[in-house]
Amino acid sequence: MSLQGKTLFISGASRGIGLAIALRAARDKANIAIAAKTATPHPTLPGTIYTAAEEIEKAGGTALPIICDIRDEEQVKSAIDQTAAKFGGIDILVSLASAISLTNTQETTVKKYDLMHSINGRGTWMVSKYAIPHLIKSGKNPHILNLSPPLSMKEAWFKNNVAYTMSKMNMSMCVLGMAGELRRHKIGVNALWPLTLIGTAALTQVGDTSKMKLRSPDIVADAAYQVFLKDSSKFSGNFLVDELFLRHEGFTNMDQYAPGERKFSPDFFLPDELLKEIDELRATQGWN
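Predicted model only: the values in this text are computed from it and were never measured.

Visitor: How do you make sense of a nonpolar patch on the surface when you look at a structure like this?
Guide: A grouping of L151, M153, M173 and L176 is seen on the molecular surface, where their side chains present a nonpolar patch of about 400 Å² in accessible area. Turning to its location among the elements, M153 is positioned in the loop between β5 (143-147) and α5 (155-158).

In structure tokens form, the structure reads like this:
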């Protein structure tokens, strides 16, 4: 089973994790719509929708770069329509576009609050809304995958950055609700979240990463790929964490994502019981 001939619509695929997922799909000769705002080079971040398209084509896929601000309803509708017209439909939707501000309530400006909620929660919901009719018609194991954390109402995840956590949990609530809403259409709706911090250029915008133990975006891409191969009529409503999911799927070579490293900086929103399970699996399965 592969993604050959399938069409993916990925928000935020011009760089980082989104591009890694696109490149993994491209190796199967998939069609990939790159929906992002970055049409011209960013002053500090590498990559545009056009450089991403070049990489996807070189990897074996067919790319469609689309300038799209997922806060804008008309741009979202147009991007979805362009993708369906170009490739004859949409089989997989990946929502990665996100904004972050790790600030407390007093330090978070209203402008930043609005940005995070319009992209993370509202944007994810809106892209899903307009992609769903095409996913229903797909007939080719349709999936929605959001890059969002396991749902949790614990104070620890909210207290330091209320606005950001709310916006990310909104993405996860989309998974919870749409999994039930779309089950009759046999559309799999799942969330995927990194166990560790991922070494992307965007992470440097949050803070100093020089002392952090980071992994390659490829670990998230490989986990996403395995989700897309699952039977969408049966695999839905899951909140997955990359390494844990891959290990349960029989993949144990974690060394490839950060050669020689064994201790990493954990990502946010990870419950203690999950970290304990990971430690147990590492001890029994090893790293290679």
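Visitor: What am I meant to see in unusual backbone geometry here?
Guide: It is generally the case that most residues other than glycine have a negative phi and that most peptide bonds are trans. For K29, which is not glycine, the phi torsion reads 65° and is therefore positive. One can find K29 in the loop between α1 (16-26) and β2 (31-36).

Visitor: What is the right way to read the pattern of salt bridges from this model?
Guide: If charged atoms from side chains of opposite charge come close, those side chains can pair. Throughout the structure, instances matching the rule amount to 10 salt bridges. For R24, the salt bridge is made with D222, and the minimal N-O distance between the two is 3.8 Å. Taken together, the positions of R24 in helix α1 and D222 in helix α7 (residues 218-229) put the pair 198 residues apart, joining distant regions of the chain. Here R24 and D222 have matching classes, each one buried. For R282, the salt bridge is made with E243, and the minimal N-O distance between the two is 2.8 Å. Of this pair, R282 sits in helix α9 (residues 272-285) while E243 sits in helix α8 (residues 242-248); the two residues are 39 residues apart in sequence, bridging distant segments of the chain. Of the two residues, R282 and E243, neither departs from the other in class, the shared state being buried. What emerges from the salt-bridge pattern is a single network uniting R215, E243, R247 and R282.

Visitor: Before we go on, may I ask you to explain the nonpolar core in this structure?
Guide: With 90 residues, the main nonpolar core has F9, I10, I21, I32, I34 and F228 as its most contacted residues. In terms of residue count, the dominant contributor to this core is α7 (9 residues).

Visitor: What is the right way to look at the pairing of strand β1 (residues 7-11) in this model?
Guide: It is a general feature of regular strands that their side chains alternate between the two faces of the sheet. With 5 of 5 residues buried, β1 lies mostly within the body of the structure. Of the two faces of β1, both are covered, the one formed by T7, F9 and S11 as well as the one formed by L8 and I10. In this sheet, β2 lies alongside β1 in parallel orientation, the contact comprising 5 bridges. When the sheet's bridge partners are listed, F9 is paired in β2 with A33. Here β1 pairs with strand β4 (residues 92-95) via 4 bridges, running parallel.

Visitor: Where do I start with helix α4 (residues 110-138) in this structure?
Guide: Each α-helix winds once per 3.6 residues, and so residues spaced three or four apart point in a common direction. Compared with the 42 Å implied by 1.5 Å per residue over 29 residues, the 40 Å span of α4 between its first and last C-alpha is a close match. Bending of α4 peaks at approximately 45° at the position of A131, with proline P133 no more than four residues after it. Directly after α4, the chain includes G139, whose backbone phi takes a positive value near 70°.

Visitor: What am I meant to see in the environment of C174 here?
Guide: With respect to the secondary-structure elements, C174 resides in helix α6 (residues 162-182). Excluding its chain neighbours within four sequence positions, the residues that come into contact with C174 are G121, T124, W125, N146 and A179.

Visitor: Can you help me understand the environment of R71 in this one?
Guide: Counting through the fold element by element, R71 comes out in the loop between β3 (62-67) and α3 (73-87). Judged by its relative accessible area of 30%, R71 is partly exposed. Considering only alpha carbons, one finds R71 and K168, 97 residues apart in sequence, at a separation of 15 Å. Contacts of R71, omitting those with residues within four sequence positions, involve K37, L115, S118, I119, R122 and M126.

Visitor: What is the right way to look at the side chain of T124 in this model?
Guide: Among the structural elements, T124 can be located in helix α4. On the accessibility criterion, T124 (1% relative accessible area) is buried.

Visitor: Explain the packing of α1 against helix α2 (residues 49-58) to me, please; I cannot follow it from the model alone.
Guide: In a packed pair of helices, the relevant descriptors are the angle between the two axes and the axis-to-axis distance. Interhelical geometry of α1 versus α2 gives an angle of 25° and a closest axis separation of 8 Å. Of the possible angle classes, the one that applies to α1 and α2 is roughly parallel. Between α1 and α2 the crossing geometry is right-handed. The segment α1 lies against α2, with L19, A22, L23 and A26 engaging A52, E55 and I56. The class makeup of the residues in the contact of α1 with α2 is 6 nonpolar, no polar and 1 charged.

Calculation rules
- Residues numbered from 1 in each chain as written.
- Predicted model: local features only at pLDDT ≥ 70, side-chain atom pairs only at ≥ 80, totals over all residues.
- Heavy atoms only, no water.
- Patch = residues over 30% accessible without salt bridge, like charges linked within 9 Å, V, L, I, M, F, W, Y side chains within 5 Å.
- Areas by Shrake-Rupley, 256 points an atom, 1.4 Å probe, with all protein chains shown as cover.
- Salt bridge = Lys/Arg side-chain N within 4 Å of Asp/Glu carboxyl O.
- Helix = DSSP H or I, 4+ residues; strand = E, 2+ residues; numbered from the N terminus.
- Buried < 20%, exposed > 50% of the residue type's maximum accessible area, 1.4 Å probe, protein only.
- Core = buried A, V, L, I, M, F, W, Y, C linked by side-chain atoms within 4.5 Å.
- Pairing = 2+ DSSP bridges.
- Expected span 1.5 Å × (residues − 1).
- Bend = angle between axes of the 7 residues up to and from the residue.
- Contact = heavy atoms within 4.5 Å.
- Axes fitted to C-alpha atoms, helices over the stretch in contact; angles between N-to-C directions.
- Parallel < 35°, antiparallel > 145°, perpendicular 65-115°, else oblique.
- Left-handed = near helix turned anticlockwise from the far one by under 90°.
- Nonpolar A, V, L, I, M, F, W, Y, C, P; charged D, E, K, R; others polar.

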